[in-house]
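# Architecture at a glance
Chain by chain, the residues run as shown.
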Amino acid sequence: MFGGILSTLRTTVQRLAPAANTLLPTLGGPQTQAIRGMAKLKTHKGTAKRWKAIDKGLYQRRQTGLRHKNLRLRSDIRRGKHAPVVCTEGQKWHLDRLLPY
């Protein structure tokens, strides 16, 4: 769809400034790192909704098992599930990659 427009733009730029030809990406070919820029670090949204960063570089989340079928649990077990869970060292490595910001 934009192939004709881009090729027209490329020929116009080539006529006006030959050095600017190197800045334009080729159609269908690999683009150079200078054109693309640095890769973005993307946040994993599912992890961001469940985990929250706390001090010392750790993360915490809510405990599972409090939505339904709680009557079979003892009351002290149910109350214990209200406390947040802090990540382990193995989880921290993964969470640092999933939550870069």
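Above this text is the structure in question.
The model shown is predicted, which means the values in this text are computed figures rather than measured ones.

As a further point, take the overall build of the chain. A count of helices and strands for the chain gives 5 helices and 3 strands. Counting from the amino terminus, the chain carries its helices and strands in the arrangement α-α-α-β-β-α-β-α. Counting the 101 residues in the chain, one finds 12% classified as buried. For the chain, the proportion of contacts with a sequence separation of at least 24, taken over those separated by at least 6, is 46%.

We now examine the side chain of Lys-81. Within the secondary structure, Lys-81 is located in the loop between α4 (75–80) and β3 (85–86). A polar side-chain atom of Lys-81 sits 3.3 Å from the main-chain carbonyl oxygen of Thr-64. In contact with Lys-81, not counting residues within four places along its chain, are Gln-63, Thr-64, Gly-65, Leu-66 and Leu-73.

Moving on, we come to the sheet that holds β3. Pairing in this open sheet of 3 strands is antiparallel, and the strands run β1-β2-β3 from one edge to the other. With one partner strand each, in any of the chains shown, β1 (52–53) and β3 form the two edges of the open sheet. When β1 meets strand β2 (residues 59–61), the two strands line up antiparallel, connected through 2 bridges. In the strand pairing of β2, Lys-52 is matched with Gln-60.

Rules used in this analysis
- Residues numbered from 1 in each chain as written.
- Predicted model: local features only at pLDDT ≥ 70, side-chain atom pairs only at ≥ 80, totals over all residues.
- Heavy atoms only, no water.
- Helix = DSSP H or I, 4+ residues; strand = E, 2+ residues; numbered from the N terminus.
- Buried < 20%, exposed > 50% of the residue type's maximum accessible area, 1.4 Å probe, protein only.
- Contact = heavy atoms within 4.5 Å.
- Polar contact = N/O pair within 3.5 Å; in protein donor to acceptor, adjacent residues only side chain to side chain.
- Pairing = 2+ DSSP bridges.

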